Amino acid sequence: MLPNVYKSEVKVRLQEEESAASSILSQSGVSNLLGLTGLPKKTSSVAIAQDLLQGKTILDQVAKEFNFKERFNITENFEYNSRNIIRNSLETEYDSESGILTISYESTDPEFATKVLNRLVSLLEQRFQNFTAEKITNKKKFLEDRIKQEYTVANLRASSKTVRDDKNTGPG
């Protein structure tokens, strides 16, 4: 007889927003260069979330925190095997109409499934917060650089005007 399998599930609302690079290029008035850079005009939060949940960083952290080596008797290729265990137990499904990403984790232990899923979602949230902070920092730096550039241009114009005025008036 097969053991019962429990499925823990979380629903996350994701918003689509412009990528930091496309946003900066748009603000600088060169958004038509996006195609040349190979960057998409929009980056899907859903695709990023799904990639992060399949990526080594989050999976390795969860496997280590929940002691997958001992729990699943992994004797060799720990990272590879633990990632596969998580990937095989993890499922994501996106509903484009509602903007909701459903993340679920299956296990024969309902408490374990819930804890792993909560940790996966927590790590995902941390990564998105880091992206947001990085995006804000990049925008701030871009604006500061732009202000310096405009200030320099304004000073050059003023200096140029002074030189022209001096040439036009000439020596007395």
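Residues numbered from 1 in each chain as written. Predicted model: local features only at pLDDT ≥ 70, side-chain atom pairs only at ≥ 80, totals over all residues. Heavy atoms only, no water.

Asks: Provide a residue-level description of the packing of aromatic side chains, including the pertinent values.
Replies: A complete count under the given rule lists 5 aromatic pairs for this structure. With a centroid separation of 5.9 Å and 90 degrees between ring planes, the pair formed by Phe 66 and Phe 112 is classed as edge-to-face. With Phe 66 in the loop between helix 4 (56-65) and helix 5 (68-71) and Phe 112 in helix 7 (residues 110-169), the pair connects residues that are 46 residues apart, well separated along the chain. The class of Phe 112 is buried, set by a relative accessible area of 5%. Each ring, one from Phe 68 and one from Phe 112, has its centre 5.8 Å from the other, and the planes form 45 degrees; the classification is tilted. Here Phe 112 lies in helix 7 and Phe 68 lies in helix 5, a separation of 44 residues in the sequence. For the pair shown, Phe 68 and Phe 112 are each scored as buried. Site record: aromatic cluster; members linked through ring pairs are Phe 66, Phe 68, Phe 72, Tyr 105 and Phe 112. The ring of Phe 78 has Lys 69 sitting right over it, with the charged end atom 5.9 Å from the ring centre. (Phe/Tyr/Trp six-rings, centres within 6.5 Å; stacked < 30°, edge-to-face > 60°. Helix = DSSP H or I, 4+ residues; strand = E, 2+ residues; numbered from the N terminus. Buried < 20%, exposed > 50% of the residue type's maximum accessible area, 1.4 Å probe, protein only. Lys NZ or Arg CZ within 6 Å of the ring centre and 35° of its normal.)

Asks: With reference to specific residues and values, describe the pattern of salt bridges.
Replies: This model, assessed by the stated rule, comprises 6 salt bridges. We note a salt bridge from Lys 7 to Glu 91, for which the minimum N-O separation is 3.9 Å. Linking Lys 7 in strand 1 (residues 6-13) with Glu 91 in strand 4 (residues 90-95), this pair joins segments that are 84 residues apart in sequence. The partly exposed category is assigned to Lys 7, whose relative accessible area is 43%. Taking the shortest distance from any N to any O, the salt bridge between Asp 109 and Arg 71 comes out at 3.1 Å. One end of the pair, Asp 109, is in the loop between strand 5 (100-107) and helix 7; the other, Arg 71, is in helix 5, and 38 residues separate them in sequence. A residue is classified by how much of its surface remains accessible, and Asp 109, at 28% relative accessible area, is partly exposed. (Salt bridge = Lys/Arg side-chain N within 4 Å of Asp/Glu carboxyl O.)

Asks: So what about helix 4? Which residues, and what values?
Replies: All of the buried residues in helix 4 are Ile 58, Leu 59, Val 62 and Ala 63. Summarising the axial view, the buried residues of helix 4 lie within an arc of 130 degrees, below the 170-degree limit, and thus occupy one face. Away from the buried face of helix 4 by more than 90 degrees, exposed residues Lys 56, Thr 57 and Lys 64 are located. A positive phi of about 50 degrees marks Asn 67, the residue just after helix 4. (Arc of directions from axis to C-beta.)

Asks: Describe the sheet that holds strand 1, and please don't skip the residues or the numbers.
Replies: Sheet architecture is open: 3 strands sit in the order 1-5-4, paired in antiparallel fashion. The sheet terminates laterally at strand 1 and strand 4, the two strands that pair on one side only. Sheet twist, expressed as the mean angle between neighbouring strand axes with direction ignored, is 20 degrees. Its contacts with the sheet place helix 3 (residues 45-54) against strand 4 and strand 5, and it is angled at close to 180 degrees to strand 4. (Pairing = 2+ DSSP bridges. Axes fitted to C-alpha atoms, helices over the stretch in contact; angles between N-to-C directions. Contact = heavy atoms within 4.5 Å.)

Asks: Provide a residue-level description of the nonpolar core, including the pertinent values.
Replies: Core analysis: the biggest nonpolar cluster contains 26 residues, and Val 62, Phe 68, Ile 86, Ile 103, Tyr 105, Val 116 and Leu 120 have the highest contact counts within it. Secondary-structure elements contributing two or more residues to this core are helix 3, helix 4, helix 6 (78-89), strand 5 and helix 7. (Core = buried A, V, L, I, M, F, W, Y, C linked by side-chain atoms within 4.5 Å.)

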